[in-house]
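Here's the letter readout for the chains.
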Amino acid sequence: QVHLVESGGGLVQAGGSLRLSCAVSGRTFYDMGWFRQAPEKEREFVAAISWSGSSTYYADSVKGRFTISRDNAKNTVYLQMNSLKPEDTAVYYCAVRLGSSFRVTDFGSWGQGTQVTVSS
């Protein structure tokens, strides 16, 4: 069983940066992902990383601005978010990738989420 705890969210001005962390306990040899959910919107894929860290994947909306990484020695997955925009405002969740797609249904063991708010 895997337990995930996100942290690092907060309030930032447009153009600013934040780094989110996802602490992983339990079995750690999983591909991992970050998703986000804005009010009254569906949860959407943001980024994913293979268990070794050698492969990364991004939604088009964040490509070039966000970077996913992991430190398996620390059992932590990160999401570095630069050049933040008001439309990046959402609750951000990390999850274990259980399937082959980037759909919500192919991820599990969701954390509780961390709020990111970007002011204009």
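Provided above is the structure to which this section pertains.
Predicted, not measured: the structure shown is a model, and the values here were computed from it.

Draft legend 1. Just the overall build of the chain, in detail. Across its full length, the chain holds 0 helices and 11 strands. Seen in sequence order, the chain has helices and strands lined up from the N terminus as β-β-β-β-β-β-β-β-β-β-β. The C-alpha radius of gyration computed for the chain amounts to 13 Å, which stays within 12% of the reference 14 Å derived for 120 residues, consistent with globular compactness. Each principal axis of the C-alpha distribution contributes one length, and for the chain these read about 40 × 30 × 25 Å. A burial count over the chain gives 43% of its 120 residues as buried. Entry remark: accessible area of the chain is about 6,300 Å², with carbon and sulfur atoms responsible for 47%. For the chain, the separation between the mean place of its 12 positive charges and that of its 10 negative charges on side chains is 5 Å.

Draft legend 2. Highlighting the packing of aromatic side chains. Enumeration over the complete set of coordinates arrives at 7 aromatic pairs. When the centroid spacing of 6.4 Å and the interplanar angle of 85° are considered together, the rings of Tyr-93 and Trp-110 count as edge-to-face. Taken as a pair, Tyr-93 in strand 9 (residues 90-97) and Trp-110 in the loop between strand 10 (107-108) and strand 11 (114-119) lie far apart in primary sequence, 17 residues in all. Cluster of aromatic residues (ring-pair linked, three or more members): Phe-35, Phe-45, Tyr-57, Tyr-93, Phe-102, Phe-107 and Trp-110. Over the ring of Tyr-93 we find Arg-43, and its NZ or CZ is 3.7 Å from the ring centre. The ring of Tyr-57 carries Arg-97 above its face, with NZ or CZ at 5.6 Å from the centroid.

Draft legend 3. Region of interest: the environment of Asp-71. You can see Asp-71 is positioned in strand 7 (residues 66-71). With 19 residues separating them in the primary sequence, Asp-71 and Ser-52 have C-alpha atoms 9.3 Å apart. Residues contacting Asp-71, with those up to four places away along its chain left out, are Thr-76 and Tyr-78.

Draft legend 4. Spatial organisation of empty space enclosed by the protein. Counting across every chain of the model gives 1 cavity of 30 Å³ or more. Empty space within the largest cavity amounts to approximately 50 Å³. In terms of lining residues, the largest cavity is bounded by Val-24, Thr-28, Arg-70, Asp-71, Asn-72, Asn-75, Thr-76 and Val-77. Elements supplying a minimum of two residues to the lining of the largest cavity: strand 7 and strand 8 (76-81). Its residues placed into classes, the lining of the largest cavity shows 2 nonpolar, 4 polar and 2 charged.

Draft legend 5. How the structure looks around the pattern of salt bridges. With the rule as written, the count across this model stands at 4 salt bridges. Notably, a salt bridge pairs Arg-36 with Asp-88, separated by 2.9 Å at the nearest N-O pair. Taken together, the residues span a long stretch of sequence, with Arg-36 in strand 4 (residues 32-37) and Asp-88 in the loop between strand 8 and strand 9 at a distance of 52 residues. We note that Arg-36, like Asp-88, is buried. Members of the salt-bridge network, linked through shared partners, are Arg-36, Glu-44, Arg-65 and Asp-88.

Conventions and cut-offs
- Residues numbered from 1 in each chain as written.
- Predicted model: local features only at pLDDT ≥ 70, side-chain atom pairs only at ≥ 80, totals over all residues.
- Heavy atoms only, no water.
- Helix = DSSP H or I, 4+ residues; strand = E, 2+ residues; numbered from the N terminus.
- Rg over C-alpha atoms; globule rule 2.2 N^0.38 Å.
- Buried < 20%, exposed > 50% of the residue type's maximum accessible area, 1.4 Å probe, protein only.
- Areas by Shrake-Rupley, 256 points an atom, 1.4 Å probe, with all protein chains shown as cover.
- Lys, Arg positive; Asp, Glu negative; His and termini not counted.
- Charge placed at Lys NZ, Arg CZ, Asp CG, Glu CD.
- Phe/Tyr/Trp six-rings, centres within 6.5 Å; stacked < 30°, edge-to-face > 60°.
- Lys NZ or Arg CZ within 6 Å of the ring centre and 35° of its normal.
- Contact = heavy atoms within 4.5 Å.
- 1 Å grid on protein atoms, 1.4 Å probe; cavity = no way out; pocket = protein on both sides within 12 Å on 5 of 7 lines; lining within 4 Å.
- Points joined across faces, edges and corners; volume = space filled by probe spheres on them.
- Nonpolar A, V, L, I, M, F, W, Y, C, P; charged D, E, K, R; others polar.
- Salt bridge = Lys/Arg side-chain N within 4 Å of Asp/Glu carboxyl O.

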